[in-house]
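Here's the letter readout for the chains.
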Amino acid sequence: MFGKKASGNTSRKAVAPAVDTSIEAEKIIEPEEVPKQQPAAPMKDGAESEAYYETKATIFNALFETIDVSALAGMEAVAARQEIRTIVDEIIAIRNVRLSVVEQNQLISEICDDILGYGPLEPLLVREDIADIMVNGAKHVFIETNGRMEKTNIRFRDNAQLMNICQRIVSQVGRRVDESSPICDARLLDGSRVNVIAPPLAIDGPTLTIRKFKKDKLRLDNLVGFGSISPAGAKVLKIIGACQCNILISGGTGSGKTTLLNCLTAFIHPDERIITCEDAAELQLQQPHVVRLETRPPNLEGKGKITMSDLVKNCLRMRPERIIVGEVRGPEAFDLLQAMNTGHDGSMGTLHANSPREGLSRLESMITMGGFSLPTRTIREMIVGSIDIVIQATRLRDGSRKITHITEVLGMEGDVIVTQDLVLYEMGGEDAQGKIIGEHKSTGIARPAFWERARYFNLEKDLALALDEAGEG
Ligand SMILES: Nc1ncnc2c1ncn2[C@@H]1O[C@H](COP(=O)(O)OP(=O)(O)O)[C@@H](O)[C@H]1O
Ligand SMILES: [Mg+2]
């Protein structure tokens, strides 16, 4: 057997480099202070007995004293698990611990998760139905499923263990999180996006937010199935995507912007050369001719940062037909508008705003704040000349996600940007279960401003039909 030794004093620290593991290690050896293992795997109603957690803590500590845990981390996952299993079986036998086979297996799997994986987070990470995991300090773990936020009874032993796991996550992408650099973005191997903010900035303990990566992205048909958009509204979207409109998708966090963007890309012609720019690659384009770019945060020395604006500027030298920006939040707004203005029709981006109108003014302020000293009117003219359509995604209070506006940008009247809604979601009220009742309706515009564009792509008849159908509600 590898790594066995008489005392675990030196190796304990090696479990988690770079964080103040000393606190945790200290806690582990003090017998009086043995921290109770909190429920790891069980979710809502898995009320394991106190005795089980005490046993787990005892065995955990014994294991720490027996093996060099840092060496385990360097091993193949399967071999490391086998190693842990062998030693734990031995400890159980020697100490005469009484456990059922099921309990013993659960215990071993939890210990493996703690040492090799992401501890109490593991059972959440494998669940496909979870969209977000939010950890507010060791004792409060929330998840979002189907648009609903719920508290789980998953807990970390203490903030040190949580910090440890945060550290393990971010170190995989070569980053570090501690008191001196308490904010960190990272990505899990499965593509999930992670943000960590640690004390002293996060007052109640390390705070971890994970946006789970969905392998099977929703398609427009799915959105129709969920009632996020009506069938006729979906047809309008399809035409907008196909006929190279420049599109801005506006919405709040988690309202479904990226999902919608991904849906719209499905209608891009397979011959087009598409370049995507994202902070973390989420989009899944099906076309054969796609270049995917990703921004880069600075490294540990604070060097090597590549911004969204850098990427979008570079795109222009890559002969793109369409540029797709995952999320516009800063000076790249200017670069994207420039691209849209200079013949890269069909470019798209998302931004954070609560209405199409707010979306447009956000775009304006991003440009102003980006240090481009242009007169307001010029910026607005640029916006009007670039953006054809704004689509608003909204997460309603019942957790459902709706496309609430399909809006055209028409032009300027004086200094004001004029828009025109094509399709709107009208809320009626609530049913007995608190579900919001409403419907998508066309506003009765029979000939939208992008009509000529649709005609060019031979889609004007479909557009007329779709709008007509949408008008019937
Ligand atoms: N129309 C929808 N109906 C149900 N779930 C949706 C819908 N749109 C998105 N989702 C889910 O909501 C979560 C957040 O969506 P995402 O597109 O990443 O939001 P955003 O980019 O606005 O932050 C994802 O898990 C996604 O699968
Ligand atoms: Mg997004």
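Note that the structure is a prediction, hence the values are computed from the model and not measured. (Residues numbered from 1 in each chain as written. Chains lettered and ligands numbered in written order. Predicted model: local features only at pLDDT ≥ 70, side-chain atom pairs only at ≥ 80, totals over all residues. Heavy atoms only, no water.)

1. So, the site of ligand 1
Phase 1 of the analysis: If you check the shell around ligand 1, you find 16 residues, and the closest are Ser228, Gly254, Lys257, Thr258 and Thr259.
Phase 2 of the analysis: Note that an oxygen atom of ligand 1 is positioned 3.0 Å from one of the side-chain N or O atoms of Arg211.
Phase 3 of the analysis: Here Gly254 contributes a backbone N or O atom positioned 2.8 Å from an oxygen atom of ligand 1.
Phase 4 of the analysis: For ligand 1, the accessible surface in isolation is 560 Å², of which the surrounding protein chains cover 87%.
Phase 5 of the analysis: For the shell around ligand 1, the leading source of residues is helix H10 (residues 257–265), giving three residues.
Phase 6 of the analysis: Residue composition of the shell around ligand 1, by class: four nonpolar, eight polar and four charged. (Near = heavy atom within 4 Å. Polar contact = N/O pair within 3.5 Å; in protein donor to acceptor, adjacent residues only side chain to side chain. Areas by Shrake-Rupley, 256 points an atom, 1.4 Å probe, with all protein chains shown as cover. Helix = DSSP H or I, 4+ residues; strand = E, 2+ residues; numbered from the N terminus. Nonpolar A, V, L, I, M, F, W, Y, C, P; charged D, E, K, R; others polar.)

2. A word on helix H14 (residues 376–386)
Phase 1 of the analysis: Within the sequence span of H14, burial applies to Ile379, Met382, Ile383, Val384 and Ser386.
Phase 2 of the analysis: At its buried positions, H14 is contacted by helix H12 (332–341), helix H13 (356–369), strand E13 (401–413) and strand E14 (416–430). (Buried < 20%, exposed > 50% of the residue type's maximum accessible area, 1.4 Å probe, protein only. Contact = heavy atoms within 4.5 Å.)

3. Quick notes on the confidence of the model for the protein
Phase 1 of the analysis: Mean pLDDT over the protein: 85, with 88% of residues reaching 70 or higher.
Phase 2 of the analysis: Within the model, pLDDT remains below 50 along residues 1–47, and this stretch shows 103 contacts once partners closer than five positions in the same chain are excluded. (pLDDT = per-residue confidence, 0-100.)

4. With respect to the packing of aromatic side chains
Phase 1 of the analysis: Under the criterion given, the structure shown has two aromatic pairs.
Phase 2 of the analysis: Measuring from centroid to centroid gives 4.0 Å for Phe334 and Phe372, while their planes differ by 15°, and the two rings are stacked. Separated by 38 residues along the polypeptide, Phe334 in helix H12 and Phe372 in the loop between H13 and H14 bring together distant segments of the chain.
Phase 3 of the analysis: On the basis of an interplanar angle of 80° and a centroid distance of 5.2 Å, the ring pair of Tyr456 and Phe457 is categorised as edge-to-face.
Phase 4 of the analysis: One residue, Lys217, lies across the ring of Phe213, its end atom 4.6 Å from the ring centre. (Phe/Tyr/Trp six-rings, centres within 6.5 Å; stacked < 30°, edge-to-face > 60°. Lys NZ or Arg CZ within 6 Å of the ring centre and 35° of its normal.)

5. Description of helix H2 (residues 50–66)
Phase 1 of the analysis: With 17 residues, H2 extends 24 Å between its outermost C-alpha atoms, agreeing within 8% with the 24 Å of an ideal straight helix rising 1.5 Å per residue.
Phase 2 of the analysis: Counting buried positions along H2 yields 12 of 17 residues, so the element is predominantly enclosed.
Phase 3 of the analysis: Every buried residue of H2 is listed here: Tyr52, Tyr53, Thr55, Lys56, Ala57, Ile59, Phe60, Asn61, Ala62, Leu63, Phe64 and Thr66. (Expected span 1.5 Å × (residues − 1).)

6. Describing the state of the cysteines
Phase 1 of the analysis: Taken as a whole and judged by the stated rule, the model has zero disulfides.
Phase 2 of the analysis: Free of any disulfide, Cys277 has its nearest cysteine sulfur in Cys315, 3.4 Å distant.
Phase 3 of the analysis: Given the relative accessible area of 0%, Cys277 is considered buried.
Phase 4 of the analysis: Taking relative accessible area as the criterion, Cys315 reaches 0% and is therefore assigned buried. (Disulfide = S-S within 2.5 Å.)

7. Examining the packing of helix H11 (residues 308–315) against H12
Two packed helices can be described by the angle between their axes and the distance between those axes.
Phase 1 of the analysis: Put simply, H11 and H12 touch, their axes get as near as 8 Å, and they point 15° apart. Here H11 lies roughly parallel to H12, going by the angle between them. In this structure, the crossing between H11 and H12 has a hand that is left-handed. Along the contact surface, H11 presents Met308, Ser309, Val312 and Lys313, while H12 presents Glu332, Asp335 and Leu336.
Phase 2 of the analysis: Residue composition of the contact of H11 with H12, by class: three nonpolar, one polar and three charged. (Axes fitted to C-alpha atoms, helices over the stretch in contact; angles between N-to-C directions. Parallel < 35°, antiparallel > 145°, perpendicular 65-115°, else oblique. Left-handed = near helix turned anticlockwise from the far one by under 90°.)

8. Focus on the environment of Asn299
Phase 1 of the analysis: Inspection of the secondary structure assignment puts Asn299 in the loop between strand E9 (290–294) and H11.
Phase 2 of the analysis: Taking the relative accessible area as the measure of exposure, Asn299 reaches 38% and is therefore partly exposed.
Phase 3 of the analysis: A C-alpha to C-alpha distance of 7.7 Å links Asn299 and Gly174, two positions 125 residues apart in sequence.

9. Thoughts on the pairing of strand E12 (residues 389–395)
Phase 1 of the analysis: For E12, the buried fraction is high: five of the seven residues fall into the buried class.
Phase 2 of the analysis: Pairing of strand E7 (residues 247–251) with E12, which is carried by five bridges, proceeds in the parallel orientation. In the sheet register, Gly251 faces E12, and the bridge partner there is Ala393.
Phase 3 of the analysis: Pairing analysis gives seven bridges linking E12 to E13, with the strands arranged antiparallel. (Pairing = 2+ DSSP bridges.)

10. So, the environment of Arg85
Phase 1 of the analysis: Tracing the backbone through its elements, the reader meets Arg85 in helix H4 (residues 77–95).
Phase 2 of the analysis: C-alpha of Arg85 to C-alpha of Leu107: the two residues are 22 residues apart in sequence and 9.7 Å apart in space.
Phase 3 of the analysis: In this view, Arg85 contacts Asn105 and Ile108; residues no more than four positions away in its chain are not counted.

11. Details of unusual backbone geometry
Phase 1 of the analysis: Geometrically, the link from Pro199 to Pro200 is a cis peptide bond, its omega value of 5° lying close to zero.
Phase 2 of the analysis: In this structure, Pro200 sits in the loop between strand E5 (193–197) and strand E6 (207–211).
Phase 3 of the analysis: With a phi close to 60°, Asn96 is a non-glycine residue in the positive phi region.
Phase 4 of the analysis: Residue placement: Asn96 occurs in the loop between H4 and helix H5 (101–116).
Phase 5 of the analysis: With a relative accessible area of 64%, Asn96 lands in the exposed category.
Phase 6 of the analysis: Non-glycine residue Gln244 carries a positive phi angle of around 60°.
Phase 7 of the analysis: Topologically, Gln244 is positioned in the loop between helix H9 (231–242) and E7.

12. As for the sheet that holds E6
Phase 1 of the analysis: With antiparallel pairing, the six strands of this open sheet are ordered in space as E3-E2-E1-E6-E5-E4. The open sheet has two free edges, formed respectively by strand E3 (148–152) and strand E4 (183–187), since each of these has just one partner strand. The mean inter-strand angle of the sheet, taken between neighbouring strand axes irrespective of direction, is 15°.
Phase 2 of the analysis: In the sheet, E5 pairs with E6 via five bridges, with the strands oriented antiparallel. Bridge pairing in E6 places Val196 opposite Leu208.

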